[in-house]
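Take a look at the letters that make up each chain.
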Amino acid sequence: MSAPITIYPARKIITMNAYQPFATHVAVQDGKVLGVGSLEDLQYWGEAEIDERFADKVIMPGLVEGHSHAFEGAIWEYCYVGFHQRMGPKGPSHGGLKSIDDVVAHLKKEEAGMADGDAPLIGWGFDPIFFTGPRMTAADLDQVSTTRPVMIYHASMHMVNVNSYVLEKAGVTSETPVDGIVKDAEGTPTGEMRGTPAMYLAAKVTGSNILREAAEFSALDNFGAICVRTGVTTATDLGNPLQEEMVAQYKAWTLKESSPIRLVSTYAGTGFPAPQGVEHMQKLAAHQNEKLRLHIVKLVADGSIQGYTARLKWPGYRDAPNGMWYISPTELPGLIETYHKAGIQIFVHTNGDETSEVTIDAIEAALAKHPRADHRHTLQHCQMADEAQYRRMSALGIGVNIFSNHIYYWGDLHASTIIGPDRAKRLDPAATALKYDVPLAMHTDAPITPMGPLFVAWCAVNRLTSSGQVLGPDQRISVDDALRAITLGAAYSLKMDHEIGSLEPGKWADFAILEEDPYAVDPVALRDIQVWGTVLAGQVFPADSGQG
Amino acid sequence: MSHVGIPLTIIGGFLGAGKTSLLNFLLKNNQNVAYAVLVNEFGDLAIDEDLIVSHDGQTIALANGCVCCSLSNDLMETLVQVIALKPDHIVIEASGVADPGRLRDLAYLDRDLKVGGVVVVIDSAAFLSQLDDPHLADTMEAQVRSADILLLNKCDLVMDRSKLIQKLIALNSVAQIAETEQGAFPFAALLDLTAQLPGTGSEAHLHNKVFKAISFTGITELTPKAFCAACEALPSSVVRLKGFIEADGQMFEVQRSGLSVDVRPAPGCKPDLVLIGTSNMPSRDEIARLLRLA
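Residue positions are counted from 1 within each chain, in the order its sequence is given. Here the convention is simple: chains get letters from A, ligands get numbers from 1, in the order in which they are written. Local features are withheld for residues below a pLDDT of 70 in this predicted model, meaning they are given only at 70 or higher, and side-chain atom pairs are given and counted only at 80 or more; totals for whole chains, interfaces and linings count all residues. Excluding hydrogens and water, the side-chain figures rest on all heavy atoms present in the structure.

Caption draft 1: Geometry of the overall build of chain A. The helix and strand tally for chain A stands at 18 helices and 25 strands. Whereas a compact globule of 548 residues would reach a radius of gyration of roughly 24 Å, chain A reaches 23 Å, a difference of no more than 12%. The principal-axis extent of the C-alpha atoms belonging to chain A is close to 80 × 55 × 45 Å. Only protein chains enter the area calculation, which uses a 1.4 Å probe; residues under 20% of their type maximum are buried, those over 50% are exposed, and those in between are partly exposed. Counting only residues that meet the buried cut, chain A has 61% of its 548 residues in that class. Contacts are assigned to residue pairs with any non-hydrogen atoms lying within 4.5 Å of each other. Within chain A, counting contacts between residues at least 6 apart in sequence, those at least 24 apart form 71% of the total. Secondary structure follows DSSP: runs of H or I at least 4 residues long count as helices, runs of E at least 2 residues long count as strands, and numbering of each begins at the N terminus. Note that the radius of gyration is over C-alpha atoms, with the globule rule given as 2.2 Å times the number of residues to the power 0.38.

What follows is the structure, given as structure tokens:
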């Protein structure tokens, strides 16, 4: 006896499948798409239950977040102090904290609920880029507490602000000769730190490792809940040592029926010899399941543009020396060749254009020695690559997963300060990728920016910075292309496009359920479309468990 | 030993320069200091199986009191954990492309740490050609500029090092320069070079700028008093002598800086003696003869 069939009528179904881009009904059997089309088309399969719950909604393929980190789930254990409202596991956060006073007041409230003692109060998502007036100081956070460590991460996670308690315990004073400790005109540390001091004091205050916390079921449940609320059915955890305990956690969590996503966790291969990495990954294969994939290695070749640690070609940064290699350009070819030869798919984090160039060189050399069709090696972020590099990527079959949210969050800063207006116009050039047929995906890098592929699509379509400027209007892409990049495009980059990313017979019944039709709304309203929830393998996950 | 302010030393240098050889030499030859060594991977460390007390994947504890920690988790988190173990000295192996100067800063960020110098290992045979690589030049130059001590390794492969040394001095005129092969430079002696020795910095006196080290097990046939006198009589090309000796069946700590020699009982320590000198210091055999060392 065959399994029951459910047919969902919808206001509109966006399939991302070329032979039938739109439909009104989708039939599901055994967690898979049995067919899409009209009700009449689907009656071909015989008796079916008609489920009307999405009749006034828009169904599209479950969104695929091709570059995020599972610690997006763990970070909500800390106090969110961002400027914007942000989607959290329990729904949207507070409406955003618009001044230092707002941040302090919010932290005070949080502190009042804490037990006595010196447990740290940790905030995250602070983004002074959006504030006018003086920067936050330790005195501001001293209003929250002088008897426990108070530390808030900036949105980039590479900077922190601390209270005097933390400075005092660390022994940081005006005498401390360390770059990255921000000091006022009198030379007194303000409590703001960048780079090494930020990272060290954060480790000292939290005393924890966010990667391990991310593998706790509670954090993964949070991660899953955020995905449901943003329409994501496949999410990635990009760069994880994937040691035994962590894999066991991921495996057990994904096997739970209540876990609402497919998780792709990539092996963090930076800093380790490739032959051992290959061996480790071959062992990982046995731990995969329909909701857990561990088949990709991620190498991090440089740092970030706004941190001045990305490696840039001439003319480089105006105000800083060139950035840092995280992997030597002499070592990268060997790493890539070893993984490539072993048949493993490779992601390389390349922010600067010197790094993307060196990486393209390395992949070209590996391909010359060991030809391999359909390798799907993908440059991650790849924010500054020029057209010549895109032409080479096209010729070599290299894909790109670009960080379009940078345009909104840091675009103004890139243009005014970091790389200048000219190169900022070609930041995250989605139109160039499409022009040269370079397989295109786009991402949030959550929690660096908030989870939400529709926001990513909005960025690529509008290229609006947070101050409202259009950055590189010629790189804007169509809504259709943007929606493809956050579904089938991202699925392709994960080598899962035969299973997810479009609604076609035989693929997983993974849906994003939207309240509005993204093709019908004004493109500048794309980011405002409400997500009702998701469906994963036919199982319905309402964002708010009162509905559905 | 007081644990206030554990010295933090950073070992930098490009891939293949010999950072691991230096650490292997440290772990094998160290007798009297409990080092905690943070390395990127255990793979290349050559630790004698007999020395290993425990190994949990992230940390290897050795019989001589040292621990090795893998940085496969986060460096900052690992460092915080290692400080809690209260070792005598912490050594971090920087990645081959890192600027070790950035890691030196860590010593200022914790009251439990103090600065223990940045040692940058140089591949004497390859350095100058690596500098010609436009993708690498700025990275390599930054490493040299961050150094307190430049350890020229693989000196057996390059007889004439004057061009190399001139280049290094041009990049960093303050750092002390030491020479060795296969990373075999006694670690404590290396750190001793920081700011305590006269370096002229002048190209005309390169031989006074570049230091060598000779180490001995440290068992002498002399009486402590005679040993003291023999040390005082060593030529001025020996700029430093320090460590532990066994004399008359007893242990002594010995230090010679300039002409003054200090010998004091050090029960429970193990013999381990190091001499540092300029390139014209007497040979190992000659010193062994003068100090009657086994």
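Caption draft 2: View of the pairing of strand S3 (residues 52–55) of chain B. All names here are of chain B. Whether two strands pair depends on DSSP finding at least two bridges between them. Relative to strand S4 (residues 59–62), S3 runs antiparallel, the two being bridged by 3 bridges. Within S4, the residue paired with Ser54 across the bridge is Ala61. Two successive antiparallel strands, S3 and S4, enclose a turn made up of 3 residues, where Gly57 displays a positive phi of approximately 95°.

Caption draft 3: Structural view of the pairing of strand S21 (residues 399–402) of chain A. Residues and elements named next belong to chain A. By the alternation rule, side chains of S21 split into Gly399 and Asn401 and Val400 and Ile402, which are all buried. One ladder, built from 4 bridges, connects strand S20 (residues 378–381) with S21; its direction is parallel. When the sheet's bridge partners are listed, His381 is paired in S21 with Ile402. A crossover connection joins S20 to the parallel S21 through helix H13 (residues 387–396); in handedness this β-α-β unit is right-handed. As defined by bridge partners, S21 adjoins strand S22 (residues 440–442) across 3 bridges and the pair is classed as parallel. Looking across to S22, one finds that Val400 is bridged to Leu440. By the criterion used throughout, a crossover qualifies as right-handed when its path from the first strand across the helix to the second strand runs clockwise, the strands pointing away from the viewer.

Caption draft 4: Spotlight on the environment of Leu164 of chain B. Residue and element names in this part refer to chain B. Note on placement: Leu164 falls in helix H6 (residues 162–171). What makes Leu164 buried here is its relative accessible area of 3%. Sequence separation between Leu164 and Ala294 is 130 residues, and the spatial gap between their C-alpha atoms is 36 Å. Leave out the neighbours within four places in its chain, and Leu164 touches Ile122, Ser124, Phe127, Leu128 and Leu152.

Caption draft 5: Spatial organisation of the sheet that holds strand S11 (residues 150–154) of chain A. Residues and elements named next belong to chain A. An order of S7-S10-S11-S12-S14-S13 is seen for the 6 strands of this open sheet, with the pairing classed as mixed. Both edges of this open sheet fall to strand S7 (79–80) and strand S13 (181–183), since each of them pairs with a single strand only. Relative to strand S12 (residues 159–162), S11 is paired through 3 bridges, and the arrangement is antiparallel. Residue pairing in the sheet places Tyr153 in a bridge with Val160 of S12. Sheet strands touched by helix H6 (residues 195–206): strand S10 (121–126), S11, S12, S13 and strand S14 (189–194). Its angle to S14, the strand with the most contacts, is close to 100°. Angles shown run from 0 to 180 degrees and are taken between the N-to-C directions of axes, each axis being a line fitted to C-alpha atoms and, for helices, limited to the stretch in contact.

Caption draft 6: The arrangement of the packing of aromatic side chains in detail. Residues and elements named next belong to chain A. The rule is short: rings of Phe, Tyr and Trp, with Trp giving its six-membered ring, pair when the centres are within 6.5 Å, and they are stacked under 30 degrees, edge-to-face over 60, tilted in between. Using the criterion set out here, one finds 19 aromatic pairs over all chains in the structure. Ring centres of Tyr408 and Tyr409 lie 4.9 Å apart, and the angle between their planes is 90°; on these two criteria the pair is classed as edge-to-face. Grouping residues by exposure puts Tyr408 and Tyr409 together as buried. The criterion for a charge sitting over a ring is simple: Lys NZ or Arg CZ within 6 Å of the ring centre, and within 35 degrees of the ring normal. Against the face of Phe22 rests Lys12, its NZ or CZ located 4.4 Å from the ring centre. The side chain of Lys32 reaches across the aromatic face of Trp508, ending 4.9 Å from its centre.

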